[in-house]
Amino acid sequence: MTYQQAGRIAILKRVAGWVIFIPALLSTIISLLGFMFKHSEKQPGINAVMLDFVHVMIDMIRFNTPFLGFFWRNSPVPEFRDQANVGFWIIYILIFVGLALQASGARMWRQSRHIKEGIEDQLILEQAKGSEARSRQHLEEKIKVPHHTILLQIFPLYILPVIIAVVGYFLLSLLGFL
């Protein structure tokens, strides 16, 4: 793959990463808000005040975001006690797949920019050699850019989802939803 092709693929990866990340993040947040809304039923004591406040705030968010109606109607509301919630977990993982795609594209973009600048610097040196100088095409033919896979994005794809899930579990437990 040439560095020009790597630059184009990098742009596609970055755009695809954002296109996957943003809807998945919105759907996950709305799913969690739906879970909190569903489980903010009346309870005695100090928790009742907090849960009523959460209930009203989520209802207000839903009312004031009609442009997110698709997500409010179709995002899977998880039930952490009884079900496997496969749809919720797939959408949750798509957040990190989108982040990994974007990070991979960003890395490829940086490499293609660095290679392009290196070729231009080398051309200046080649022109100083005079008649035995190599052309831009000759320099570009020698360069092969390796393929990048999103599976090598260790932190955003493997570590970050676990950290956020653990923090989310503790927050939901602390707030009394689990």
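Everything that follows concerns the structure shown earlier in this document.
Note that residues are indexed from 1 along each chain, following the sequence as it is written. Given that this is a predicted model, residues contribute local features only at a pLDDT of at least 70 and side-chain atom pairs are listed and counted only at 80 or more, while totals for whole chains, interfaces and linings are drawn from all residues. Think of the side-chain values as coming from all heavy atoms in the structure, minus any hydrogens and water.

S.K.: Give a detailed account of a nonpolar patch on the surface, specifying residues and quantitative values.
M.R.: There is a patch of nonpolar side chains on the surface, built from L151, I154, F155, Y158, I159, I163, I164, V167, L171 and L174 and spanning about 960 Å² of accessible area. Comment: elements are numbered from the N terminus, with helices defined as DSSP H or I runs of at least four residues and strands as E runs of at least two. Mapped onto the elements, F155 comes out in helix α6 (residues 154-174). Any residue with relative accessible area above 30% and no salt bridge may belong to a patch, with like charges joined within 9 Å and the nonpolar Val, Leu, Ile, Met, Phe, Trp and Tyr side chains within 5 Å. Per-residue accessibility takes into account occlusion by the displayed protein chains alone, with areas from the Shrake-Rupley method and a 1.4 Å probe. We define a salt bridge as a contact between a side-chain nitrogen of Lys or Arg and a carboxyl oxygen of Asp or Glu at a distance within 4 Å.

S.K.: Please provide a residue-by-residue account of the pattern of salt bridges, values included.
M.R.: Counting across every chain of the model gives one salt bridge. Between K38 and E79 there is a salt bridge, with its nearest N and O atoms 3.5 Å apart. A residue pair is termed long-range when its members are at least 10 positions apart, and K38 in helix α1 (residues 3-38) and E79 in the loop between α3 (69-74) and α4 (86-129) qualify at 41 residues. Looking at K38, the relative accessible area reads 52%, which means it is exposed. Using a 1.4 Å probe on the protein chains alone, a residue whose accessible area is under 20% of its type maximum counts as buried, one over 50% counts as exposed, and one in between counts as partly exposed. Residue E79 is classed as buried on the basis of its relative accessible area of 11%.

S.K.: Hey, could you go over the packing of α1 against helix α2 (residues 46-64) for me, with residue numbers and the actual values?
M.R.: Under this scheme, a helix contributes an axis fitted over its contacting stretch, all axes are lines through C-alpha atoms, and angles between N-to-C directions fall in the 0 to 180 degree range. At a minimum axis separation of 9 Å, α1 and α2 run at an interaxial angle of 135°. Judged on the interaxial angle alone, α2 and α1 are oblique. Handedness of the crossing formed by α1 with α2: left-handed. In contact with L33, M36 and F37 of α1, α2 contributes V54, H55, I58, D59, I61 and R62. To sort the angles, those under 35 degrees are grouped as roughly parallel, those over 145 as roughly antiparallel, those from 65 to 115 as roughly perpendicular, and the leftovers as oblique. Handedness of a helix crossing follows the sense of rotation of the near helix relative to the far helix, less than a right angle counterclockwise being left-handed and clockwise being right-handed. Whether two residues are in contact is decided by their heavy atoms, any of which lying within 4.5 Å being enough.

S.K.: Can you break down the packing of aromatic side chains residue by residue, with the values?
M.R.: Stacked, edge-to-face and tilted labels apply to pairs of Phe, Tyr and Trp rings (six-membered ring for Trp) whose centres lie within 6.5 Å, assigned for plane angles under 30 degrees, over 60, and everything in between, in that order. For the structure shown, the criterion picks out seven aromatic pairs. Geometrically, the ring pair formed by F70 and F71 is edge-to-face, given 5.6 Å between the ring centres and 80° between the ring planes. Between F88 and W89, the ring centres sit 5.1 Å apart and the planes meet at 75°, which makes this aromatic pair edge-to-face. Residue W89 is classed as partly exposed on the basis of its relative accessible area, which comes to 35%. Three or more aromatic residues joined by ring pairs form one cluster here, namely F88, W89, Y92 and F96. The residue whose ring lies beneath R62 is F37, and the NZ or CZ to ring-centre distance is 4.9 Å. For R113, the ring lying beneath its charged end belongs to W109, and the centroid distance is 4.7 Å. Charge-over-ring contacts are defined here by two conditions on Lys NZ or Arg CZ: a distance within 6 Å of the ring centre and an angle within 35 degrees of the ring normal.

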